[in-house]
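Fold and geometry: a report
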Amino acid sequence: MASAGSHLSWPPIQGIISDLDGVVYRGHAAIADAIGAFARWQTAGLRFCFVTNNSTHTPEDVVRKLEGHGLAIAPEQVVTSAVTAAELIRAKYPELRRVYVIGAPSLVKALVGAGLEVTERTPEAVVMGLDREITHEKMRIAVEAILNGAAFIGTNPDLLLPTASGFEPGAGAAIAAIAAATQVRPLIAGKPEPHMIETALSRLGTARDSTILIGDQIQTDIQAGKRAGLPSVLVTTGVPAREDPSLKPPDFIVSSLGEIDVTATLSGPSRQRRV
C-alpha cells in the first residue's frame, strides 16, 4: 500500500470513478481541493463518473448540488445506490412487482421508474435506504414482510455519513437492525458490492487497469474498487479509517485529490467524452 505524497508512482489514468460524500463534499460543504481537482480534470478532458451509496439523491439532485459548488456535469455521470437497487431487483427478481420502501423519495422514484409498485400490502420485497424519518412502525412493517418471505434489499451498508459538522447514522445502521431482528441477510446494491462500479465503467468506456476508484471509506469504497479490479485511492477527507486486517488496503493514500498525478495520461490522446 502506497502512502500519501507527491512522490507516488501513479499508473496511467484514463478514467476516474469517485465517491461523493466525504470526497467531493461533506454534507452541504464543498471540499475545495476536490472541486478544484475535478474542474481541472474536466477541462483537460479526463473521463470521470461519480458513484454514491447515498440513496437520498437522484442523479439530477447531484448535478444541481455540484453546479452550486462550481462543477458542471451530466446526470449520466452519476450512479446512485437507489438506481442500482432498482436495476438489481429487475435483474434478480424479474417477476417481482410489489415492494415496501423505507427510504427517501429518490429511492421511491427509482423503484417506480423501474416499473415496481410501492405498497405496504403484501409486498414481495422490502427495500431499505437512508430514511431520516424512520419510525418503529416502518420497521415493524418491514420485519413482518421479511418474516413472511419478502426479499430484503438494502441500498448500502454505510453505518456513518460525513456531515459538515461531524457524522450521522447511515442507512446501514437501520438495515443492520432489521437484519438482526429477522436474521435475514439483505442483498446490498451499493458499495462494497461492485455493481455501481461496473455500471460506471460501462458508461466511461475506459480500460479497467487505467481507471482508478477514489473513496474515503476502506470498508465500502475501497473494497468495491478492489472487487471490480480497479486501482484504488483512499482520500483522508471523510470517515476515519478503521483498522480491519480482513479488508484489502488501498493502493494509494492521499490527503487531497490534488496529489493524484494525471499529467502523463493527459499528455496523450485520451479525451473526455460526455456520457
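Shown above is the structure to which this text applies.
Our subject in this report is the structure included herewith. (Residues numbered from 1 in each chain as written. Predicted model: local features only at pLDDT ≥ 70, side-chain atom pairs only at ≥ 80, totals over all residues. Heavy atoms only, no water.)

1. Some details on the sheet that holds strand S12 (residues 187-188)
Within a sheet, adjacent strands bond to each other through the backbone by hydrogen bonds, running parallel or antiparallel. Applied cut-off: Should DSSP find at least two bridges between two strands, the strands are regarded as paired. Counting from the N terminus, the helices are the DSSP runs of H or I reaching at least four residues and the strands are the DSSP runs of E reaching at least two. Any two residues having at least one pair of non-hydrogen atoms within 4.5 Å are treated as being in contact. Axis definition: a line fitted to C-alpha atoms, over the contacting stretch in the case of helices. Angles run 0 to 180 degrees between N-to-C directions.
The 5 strands lie next to each other as S7-S6-S8-S9-S12, forming an open sheet whose pairing is parallel. Each of the sheet's edge strands pairs with one partner strand only, and the pair in question is strand S7 (117-118) and S12. As defined by bridge partners, strand S9 (residues 151-154) adjoins S12 across 2 bridges and the pair is classed as parallel. Counterpart to Ile153 in the pairing with S12 is Leu187. Sheet strands touched by helix H5 (residues 136-147): strand S6 (98-102), strand S8 (125-128) and S9. Its angle to S6, the strand with the most contacts, is close to 145°.

2. So, helix H2 (residues 59-68)
Applicable threshold: Each residue gets one of three labels from its accessible area relative to the maximum for its type: buried under 20%, exposed over 50%, partly exposed in between, using a 1.4 Å probe on protein chains only. Picture the helix axis, draw a direction to every C-beta atom, and the arc is the one those directions span.
All of the buried residues along H2 are Pro59, Val62, Val63, Lys65 and Leu66. Considered in projection along H2, the buried side chains sweep an arc of 165° and stay on one side of the axis. Summarising the geometry of H2, the exposed residues directed more than 90 degrees from the buried face are Arg64 and Gly68. On its buried face, H2 sits against strand S2 (25-26), helix H1 (32-44), strand S4 (47-52), strand S5 (78-80) and helix H3 (81-92). Where H2 terminates, the next one or two residues include Gly70, which has phi positive at roughly 95°.

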